[in-house]
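# What the coordinates show
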Amino acid sequence: MIISVTTVYGSVLLILAVIMVIRTVHLSRRPPPTTECKETDSDFIPLTDIRLHHFQEAIKFETISRESDDLNVEDIYNFGEYIIASFPNIHHNSSIVTWERVNNYSLLYHIQGSDPALQPYLLMAHMDVVPVTNLDKWDAPPFSGEIKDGFIYGRGTIDDKQNVMGILEATEFLLSRNIQPNRSFYIAFGHDEEVKGTNGAGHLARRLREKGVEKLNFIVDEGMPVLEGILDGVAVPVASVGVSEKGQLILKLSVEMPPGHSSIPPKESSIGILAQAVQRLEENPHPSMLGYGIETDMLEQLVPEMSYWRRLIISNIWLFRYPLSWIMSRKPTTNAVVRTVTAVTMFNAGVKLNVIPPLAEAVVNHRIHPSQTCQEVIDYDRSVINDDRVKIEVLTAMEPHPTSNYGDLDFGYQVLKTSVKQLWPKATVVPAILVGNTDTIFYLNFTKNVYRFSPTHMFPGDPERFHGLNERISLKNYAQVINFFYHLIRNSDKAGSTSICALKPTQDEPAERTGSYLWLPVGLGLCETERMGSCLWLPVGLGLCETERMGSYLWLPVGLGLCETERMGSYFWLPVGLGLSKT
Ligand SMILES: CCCCCCCCCCCCCCCC(=O)N[C@@H](Cc1ccccc1)C(=O)O
């Protein structure tokens, strides 16, 4: 038999379809539910007046970092004093806590666990905030801690005083109940994270080493939030855990030209040449890395929450890489996830109205995708600018961070995941890339497991509040922040160092009868006619089905037929049923 082109195409199509459906079925499985934390639980920490007051007072300190040598040190120091006075169990009454100020303004704590064999972990946050702009556009003064419509307003409410105060409230509550954790933990509050953390986290990490700490089981620092309604096609809250951090490359571009009189200008000016270089960089973004990094796992783990067509596409990024990259590149938030980004942040030139500018300078800030290196980014920029008159000088070069473990048996990740699910039972917890930078750079030698996650719940419009206008957190969310850290501390005690299987899932939920399935018919045929020659014809039905009662399964009814018609000649037809099921 001669195999026709149609047969080959058909077979390829069939194989692709089978792979696509198998991947979709596999990725559509839902994880088991986790026990929810309820307000009626005996160990739920309510947001009482005093806890709310603590937080509002914290916001009132103007702990601003402008440059590394320009911090509001007085307010930063006083914020520390306020903390020391407000949490008596942590700072004065407990025999299992030791604490100290580090480099005058940062704070370091050690909570001694009962089992010295268990490796300790570290909770991090920072006390400083970025400056405030457009004061007149705030709905409430940024250093007031004012409550409006169920939200606490102020600089630091989501970056990062909610984490500082949440960790402290959770620890104070633990100690007030005379609970000694099994596993020791450290708390480190830096005071200059917003200006790279050298004097805060840099000193804290050094002090930790001096105290004999070499290895930590895991670290949780500020980072990605719980996003709701922000990712297209996903209705449930998405708790994105930064398991890596983008690198940062800051370049200074400059063009020098002889100065002269503006009445006899050269054909090109330093400003014109530099502007062209900058334009080329903006018009030629770095390539999409979708399919090579963590963002692939992030998207794939969201598959169970997507509509069927989205499921099919996201389960097969290997096939739909290019159209997906194009879609994700259209929004700044998703664009930042798939590639190294380029931001031209400064442009200076000119000395006088009528003088040819001798020097033009620009600063370009790249955030580097974990699949690239600083050198690759520089080489790419050079080739895009393609002009030797533009000098490129490296101001800062920080490679992307290594990827932390985020598997089913990775203790820190599972502790975090379980704690999130206790506070947000409907949430999907996914690994993600943190697009900005934090203090974690100073702690990378302590552990391979660094998780950048803030338990702040964000809706459309909220990400803009980071460093922006009307920074705020809801009262409900602040209570969740406190309880998240409490559960994290408790969950860290529940199992040995490699498994968290002891965390109890909920009792079996009552079976639900409703289910859903995806069905994808594919056609292939074998037939012989005078007009068409011979070909293979194989109609295939592929089904993806998921119900609460049955779990997910794949079914594959296959039809083959033998038939004879005047127009088509003869063919063979045989219906066959095949099923793969997982319940
Ligand atoms: C998939 C959709 C994504 C949605 C994004 C949601 C919001 C993401 C929030 C990201 C928070 C990042 C926190 C970064 C903190 C920060 O501003 N750091 C600063 C300062 C700094 C610079 C170098 C080294 C350390 C620190 C920075 O990154 O520039």
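Computed from a prediction, not measured in an experiment: that's the story for all the values here.

## Structural notes on the side chain of Asn 437
Mapped onto the secondary structure, Asn 437 falls in the loop between β15 (428-434) and β16 (450-458). For Asn 437, the side chain forms a polar contact with the main-chain oxygen of Lys 246, separated by 2.8 Å.

## Quick notes on the packing of helix α5 (residues 161-176) against helix α14 (residues 475-491)
Between α5 and α14, whose axes approach to 8 Å, the crossing angle comes to 55°. In terms of their interaxial angle, α5 and α14 are classed as oblique. Note on packing geometry: the crossing formed by α5 with α14 is right-handed. Every residue of α14 that contacts α5 at Gln 162, Asn 163, Met 165, Gly 166, Ile 167, Glu 169, Ala 170, Thr 171, Phe 173 and Leu 174 is listed here: Tyr 478, Val 481, Ile 482, Phe 485, Tyr 486, Ile 489 and Arg 490. Partitioning the contact of α5 with α14 into residue classes produces eleven nonpolar, four polar and two charged.

## Describing the packing of helix α7 (residues 270-283) against helix α12 (residues 374-385)
Packing of α7 against α12 leaves a shortest axis separation of 9 Å and a crossing angle of 120°. Relative to α12, the element α7 lies oblique. Remark: the crossing between α7 and α12 carries right-handed chirality. Facing Ala 277, Arg 280 and Leu 281 of α7, the residues of α12 in contact are Asp 381, Val 384 and Ile 385. Residue composition of the contact of α7 with α12, by class: four nonpolar, no polar and two charged.

## A closer look at the sheet that holds strand β13 (residues 359-368)
The strands making up a sheet associate through backbone hydrogen bonding, with each pair oriented either parallel or antiparallel. A sheet is described by the order of its strands in space; here four strands give the open sequence β12-β13-β11-β14, paired in antiparallel fashion. Each edge of the open sheet carries a strand with a single partner, namely β12 (341-349) and β14 (391-398). Averaged over all pairs of adjacent strands, the angle between strand axes in this sheet comes to 15°, irrespective of strand direction. As paired elements, strand β11 (residues 247-256) and β14 share seven bridges and run antiparallel to each other. Within the sheet, the bridge partner assigned to Lys 252 lies in β14 and is Glu 393. Its contacts with the sheet put α12 on β11, β13 and β14, and the angle it makes with β11 is roughly 30°.

## Observations regarding the domain arrangement of the chain
Quite often, the size of an interface is put as the accessible area lost when its parts meet. For the chain, the assigned domains are domain 1 (5-31 + 508-582), domain 2 (49-244 + 403-491) and domain 3 (246-398). A C-alpha centroid distance of 31 Å is found between domain 2 and domain 3. The interface is formed by 23 residues belonging to domain 2 together with 19 residues belonging to domain 3. Both sides together, the interface formed by domain 2 and domain 3 hides about 1900 Å², and carbon and sulfur atoms give 63% of it. Together, Ile 433, Val 435 and Asn 437 form the three largest contributors to the area buried by domain 2 at its contact with domain 3, with a combined 30%. The closest approach of N and O atoms between Lys 331 and Asp 232, which form a salt bridge, is 3.6 Å. At the boundary of domain 2 with domain 3, the tally comes to seven residue pairs in polar contact (both at pLDDT 80 or more). Those elements that place two or more of their residues in the side of domain 2 that touches domain 3 are β10 (238-245) and β15. Here the side of domain 2 that touches domain 3 gets seven residues from one element, more than from any other, and that element is β15.

## Topic: the site of the ligand
Near the ligand, the surroundings consist of 15 residues, among which Gln 248, Arg 367, Asn 437, Phe 466 and His 467 are the closest. In this structure, an oxygen atom belonging to the ligand sits 2.8 Å away from a side-chain N or O atom of Arg 367. For the ligand, an oxygen atom lies 3.4 Å from a polar atom in the side chain of His 467. In the complex, 88% of the free accessible area of the ligand, which totals 730 Å², lies under the protein chains. Both domains that furnish three or more residues to the shell around the ligand are identified here as domain 2 (49-244 + 403-491) and domain 3 (246-398).

## With respect to the pattern of salt bridges
Scanning the entire structure with this criterion turns up 15 salt bridges. Arg 452 is the partner of Glu 245 in a salt bridge, and the nearest nitrogen-oxygen pair spans 2.7 Å. Of this pair, Glu 245 sits in strand β10 while Arg 452 sits in strand β16, and the two are 207 residues apart along the sequence. With a relative accessible area of 0%, Glu 245 lands in the buried category. Overlapping salt bridges bring together Glu 100, Arg 207, Glu 210 and Lys 211 as one network.

## Notes on the confidence of the model for the chain
Overall, the prediction assigns the chain a mean pLDDT of 87, with 83% of residues at 70 or greater. Low pLDDT, under 50, characterises residues 545-551; the predicted model gives this stretch 25 contacts beyond four residues in sequence or across chains. Model confidence for the complex: the whole-complex pTM is 0.83, and ipTM, which rates the interface, is 0.93.

Procedures and definitions
- Residues numbered from 1 in each chain as written.
- Predicted model: local features only at pLDDT ≥ 70, side-chain atom pairs only at ≥ 80, totals over all residues.
- Heavy atoms only, no water.
- Helix = DSSP H or I, 4+ residues; strand = E, 2+ residues; numbered from the N terminus.
- Polar contact = N/O pair within 3.5 Å; in protein donor to acceptor, adjacent residues only side chain to side chain.
- Axes fitted to C-alpha atoms, helices over the stretch in contact; angles between N-to-C directions.
- Parallel < 35°, antiparallel > 145°, perpendicular 65-115°, else oblique.
- Left-handed = near helix turned anticlockwise from the far one by under 90°.
- Contact = heavy atoms within 4.5 Å.
- Nonpolar A, V, L, I, M, F, W, Y, C, P; charged D, E, K, R; others polar.
- Pairing = 2+ DSSP bridges.
- Domains from an automatic or database assignment.
- Buried area = accessible area lost by both parts, 1.4 Å probe.
- Salt bridge = Lys/Arg side-chain N within 4 Å of Asp/Glu carboxyl O.
- Near = heavy atom within 4 Å.
- Areas by Shrake-Rupley, 256 points an atom, 1.4 Å probe, with all protein chains shown as cover.
- Buried < 20%, exposed > 50% of the residue type's maximum accessible area, 1.4 Å probe, protein only.
- pLDDT = per-residue confidence, 0-100.

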